[in-house]
2 protein chains.
Amino acid sequence: MNAVEQSLTKGPERPPEGVVATSAASLVQQPAPAFGEGKRADRWLLSRMLASLGSPPLELAIRNGARVGVGTPVARVTFDSRATMLWVLADVPLRFGDAYSDGTVKVEGDLVSLLETVYRAGRRDGGERDPLAQRVSRVLYRPHLNTLTGSRDNIHHHYDIGNEFYELWLGSSMAYTCAYYPTPAATLDEAQVAKMDHVCRKLRLKPGESVVEAGCGWGMLAMHMARRYGVRVRAFNISHEQIAWARQRAGVKNYTMLGGVVQRCLGGRGRGFIHSIGRNRPAPLQPWIEKRIFPGGYPPALSEMARIFEPWDLSILDVENLRLHYAQTLRHWLALFEGANERVRSMFDEKFVRMWRLYLAGSVAAFATGSLQLFQVLFAPGESNDVPWTRAHLYER
Amino acid sequence: MNAVEQSLTKGPERPPEGVVATSAASLVQQPAPAFGEGKRADRWLLSRMLASLGSPPLELAIRNGARVGVGTPVARVTFDSRATMLWVLADVPLRFGDAYSDGTVKVEGDLVSLLETVYRAGRRDGGERDPLAQRVSRVLYRPHLNTLTGSRDNIHHHYDIGNEFYELWLGSSMAYTCAYYPTPAATLDEAQVAKMDHVCRKLRLKPGESVVEAGCGWGMLAMHMARRYGVRVRAFNISHEQIAWARQRAGVKNYTMLGGVVQRCLGGRGRGFIHSIGRNRPAPLQPWIEKRIFPGGYPPALSEMARIFEPWDLSILDVENLRLHYAQTLRHWLALFEGANERVRSMFDEKFVRMWRLYLAGSVAAFATGSLQLFQVLFAPGESNDVPWTRAHLYER
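Here the structure is a predicted model, which means the values were calculated and not measured. (Residues numbered from 1 in each chain as written. Chains lettered and ligands numbered in written order. Predicted model: local features only at pLDDT ≥ 70, side-chain atom pairs only at ≥ 80, totals over all residues. Heavy atoms only, no water.)

**Student:** Let's hear about the overall build of chain A: which residues, and what values?
**Tutor:** What chain A contains, in helices and strands, is 18 helices and nine strands. Counting every position in chain A, which comprises 397 residues, the buried fraction comes to 54%. Considering only contacts within chain A whose residues lie at least 6 apart along the sequence, 70% involve residues at least 24 apart. When the accessible area of chain A is evaluated, it comes to approximately 17,700 Å², of which 55% is carbon and sulfur surface. (Helix = DSSP H or I, 4+ residues; strand = E, 2+ residues; numbered from the N terminus. Buried < 20%, exposed > 50% of the residue type's maximum accessible area, 1.4 Å probe, protein only. Contact = heavy atoms within 4.5 Å. Areas by Shrake-Rupley, 256 points an atom, 1.4 Å probe, with all protein chains shown as cover.)

Laid out in structure tokens, this is it:
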């Protein structure tokens, strides 16, 4: 990683030097500049790429070649060759990530700001895209089917890397989930403990009660519940082989079956809780993330999560959207990750570092711009009146 | 109204005298008793009616005739004649209410307990109903289409009765919506003021802001917002002619249009709030309530309410289910209503008193047993980061 690259996530707010602010539209319309035909074509293609992204304030460039910019660019993206640019252009949502990971695309400026800018522009842009952009958009929303082998490979990259890697950047609480910051100034570890207490308070755990936890990670919440709240916890996790199997079959169509299992666990009087990444409306995961990071992953809209509850008359008591807390959690993870760069590179390789940086930075951007949500949903059997009278107990000191 | 009827809503918890505890099933199976064929047939039909309701612990009787009971009955229902019993049997969900209103069905014991028992039994009963019960169930869930004239007539009964009537039982806060009880011991008026503050805190109103209120009732919330929070409120309500028109066209299929109007009101940074009766899963309103009390009314499931939010990328921030608070509000309304019985009868007639008693008691039962929910939903445009960091501010003194 060179010096320019090191400035990625802590880079300056000001635009990189030498960028001329203009608009993609004016670039497309302006007369041919006084240099070679190839460079002119490159500028036109870069402009189209910018327009297809909703004209975010960025500079796009080919190394030692054409460059275009919109507004006051927050970052510069440089393709190492025309070939790379053309390869990415054919499938920006998937191939930008791959080219970034390979190092054939470099970013100057703050990577998180760059990605936030792209998310925001995509939302603003809405229905007024040109035909090329529409094609890109169709690619963006193409459902991605995993083979069993492919899933195993991808999952190996994400979950089967060893605890030592996760210890480098998850903090001492070792929780790979959204934390809860009582104030934005709380530390990561404080916020992870606060999250566990927030969940336990929502569930109103009482000593001697039984808890079933499905998907327990490193078991930190289970231990917290048992030690601090005196409950008996049965916590479940599945091996990576099982994950590969389940991921392929998991999805919204199985939510009704999931709800049936939950209902049987709760009996007539239990309390249930889901902590899940979600969306404001049904849409697939970003294609590069889905292919390289979370194969088969799908963040549901609340209307889709309803398939867990409705067939079983489970009653939704409380929904809290904590997306800004997940953005903050991810900022802390990313900072720890960047601090452990050398160590990660020695454990894996440069491509791995770039891939995980892009994943973490992209996740900050997605939660910060409202492209992803974090829903905490408290629920109970429809006939149960063992439900909290108010939520004031969550906020008592 | 006779002495027995007066005990309706404050009646004894113990079962009425002279009731023999048995089960509907054993009644159906036992050998013919030693009295006339007609009475034996009546007992069989009453047993079927009880079974069709899920065998709740009730006694059903025909005046001076047959009677059957299940378990330890919480109340006795007496039909004034075999003809009334047969007429009700053909469509229990709709005609029980009509016969009760006419006084051809009387109830001894607590009406709310009776109705809670029926709601609970219906839920327990689930999918194991006999063919007669299935027929009753189909009737229960038959969608009810209103004619324009019919809607006008029904709405006249509900909304066009004059403020003097509502002043008798809504309390000084004059709010015909679910209150919020900081503790169960709060008075109705305290809880209505607390509700208004709870809503204003959720919206984090700041002086000088603009509020649009759609459906403002008597304008108490609008005035509270303006006086206590220094905001400018534009509050809308529609005449009963418009209600008749709108009700006919209103419904889940127009939620997307509603969401579009809301989104335009909010711009990119506003906050939105919905306070609505709802359900755990899609189902029509109870047929008698829908026909006699709220023509065209439909309490949506959250998955249906999603049609307001999803097409416009509105982000759900907070959902609170206050159904137990609505049960409590309705208990307070019912007690005030019973205290004003004589006054209401002199303004209208005995049938009106019985109809409104059944409506209020049935609503207590529906919210207390979880057949109806009260959802408060806070939302914002998906791109807005002007969202609360936590909900702690709702519970500060």
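**Student:** Lay out the pattern of salt bridges in plain terms, naming residues and giving numbers.
**Tutor:** Residues and elements named next belong to chain A. For the coordinates displayed, the defined rule picks out 40 salt bridges over all chains. Two residues, Asp318 and Arg391, come together in a salt bridge whose shortest N-O distance is 3.3 Å. Placement of Asp318 in strand E8 (residues 314-321) and of Arg391 in the segment after strand E9 (373-381) is noted, with a sequence separation of 73 residues between them. Residues Asp318 and Arg391 agree in their burial class; the two are buried. (Salt bridge = Lys/Arg side-chain N within 4 Å of Asp/Glu carboxyl O.)

**Student:** Before we move on, could you go through the pairing of strand E1 (residues 59-62) of chain B and cite the residues and values that matter?
**Tutor:** All names here are of chain B. Of the two faces of E1, the one carrying Glu59 and Ala61 and the one carrying Leu60 and Ile62 are both buried. Direction of pairing for E1 relative to strand E2 (residues 67-69): antiparallel, over a ladder of three bridges. Within E2, the residue paired with Leu60 across the bridge is Val68. Where E1 hands over to E2, the hairpin turn is made up of four residues, of which Asn64 adopts a positive phi near 55°. Pairing of E1 with strand E3 (residues 75-79) involves four bridges; the strand directions are parallel. Bridge pairing in E3 places Ala61 opposite Thr78. (Pairing = 2+ DSSP bridges.)

**Student:** How would you summarise the relation of the copies chain A and chain B if you had to cite specific residues and measurements?
**Tutor:** Overlay of chain A on chain B (RMSD 0.0 Å): rotation 180°, translation along the axis 0.0 Å. Such a turn and shift between the copies fits a two-fold axis. With an isologous cut-off of 70% or more, the 100% of interface residues of chain A that recur at the interface of chain B puts this contact in the isologous class. (Least-squares fit on C-alpha atoms with pLDDT ≥ 70 in both.)

**Student:** Pulling in residues and values, what's your account of the packing of aromatic side chains?
**Tutor:** Scanning the entire structure with this criterion turns up 43 aromatic pairs over all chains. Centre to centre, the rings of Phe352 of chain A and Trp356 of chain A are 5.7 Å apart; their planes meet at 25°, and the pair counts as stacked. With Phe352 of chain A and Trp356 of chain A both in helix H18 (residues 350-368), this residue pair falls four residues apart, about one helical turn. For the pair Phe352 of chain A and Trp356 of chain A, one class covers both residues: buried. Look at Tyr326 of chain B and Phe367 of chain B: their rings are 4.6 Å apart centre to centre, the planes differ by 40°, and that puts the pair in the tilted class. Of this pair, Tyr326 of chain B sits in helix H16 (residues 323-339) while Phe367 of chain B sits in helix H18 (residues 350-368), and the two are 41 residues apart along the sequence. (Phe/Tyr/Trp six-rings, centres within 6.5 Å; stacked < 30°, edge-to-face > 60°.)

**Student:** Would you mind going over the interface of chain A and chain B in detail, with residue names and values included?
**Tutor:** Contacts between the two partners involve 47 residues from chain A, matched on the other side by 47 residues from chain B. With both sides pooled, the region where chain A packs onto chain B buries about 3,800 Å², and carbon together with sulfur makes up 47% of that total. Across the contact surface, chain A and chain B share four salt bridges. For Arg391 of chain B, the salt bridge is made with Glu320 of chain A, and the minimal N-O distance between the two is 3.7 Å. Counting every contact that joins chain A to chain B gives 29 residue pairs in polar contact (both at pLDDT 80 or more). Counting only elements with at least two residues in the side of chain A that touches chain B, the list comes to helix H6 (111-125), helix H15 (302-309), E8, helix H16 (323-339) and E9 of chain A. Considering every element that reaches the side of chain A that touches chain B, the biggest residue donor is E8 of chain A, with eight residues. Of the residues that constitute the side of chain A that touches chain B, the class distribution is 22 nonpolar, 14 polar and 11 charged. (Buried area = accessible area lost by both parts, 1.4 Å probe. Polar contact = N/O pair within 3.5 Å; in protein donor to acceptor, adjacent residues only side chain to side chain. Nonpolar A, V, L, I, M, F, W, Y, C, P; charged D, E, K, R; others polar.)

**Student:** How would you summarise the nonpolar core if you had to cite specific residues and measurements?
**Tutor:** As a rule of thumb, nonpolar side chains are buried together in soluble globular proteins. Counting 147 residues, the largest nonpolar core has Trp169 and Trp356 of chain A together with Trp169 and Trp356 of chain B as the members making the most contacts within it. Aside from chain neighbours lying at most four places away, what touches Trp169 of chain B is Tyr176, Leu188, Trp333, Leu336, Phe337, Trp356 and Leu360 of chain B. Core analysis: the next-biggest nonpolar cluster, separate from the first, contains 29 residues, Val262, Phe375 and Val377 of chain A together with Ile274 of chain B among them. (Core = buried A, V, L, I, M, F, W, Y, C linked by side-chain atoms within 4.5 Å.)

**Student:** Tell me what's going on with the packing of helix H10 (residues 188-202) of chain B against helix H11 (residues 220-229) of chain B, and back it up with residues and numbers.
**Tutor:** All names here are of chain B. The geometry of H10 relative to H11 is characterised by a closest axis approach of 10 Å and an angle of 65° between their N-to-C directions. The handedness of the crossing between H10 and H11 is right-handed. In this structure, H10 contributes Val193, Met196, Asp197, Val199 and Cys200 to the contact, and H11 contributes Met220, Leu221, His224, Met225, Arg228 and Tyr229. Looking at the contact of H10 with H11, its residues break down into eight nonpolar, one polar and two charged. (Axes fitted to C-alpha atoms, helices over the stretch in contact; angles between N-to-C directions. Left-handed = near helix turned anticlockwise from the far one by under 90°.)

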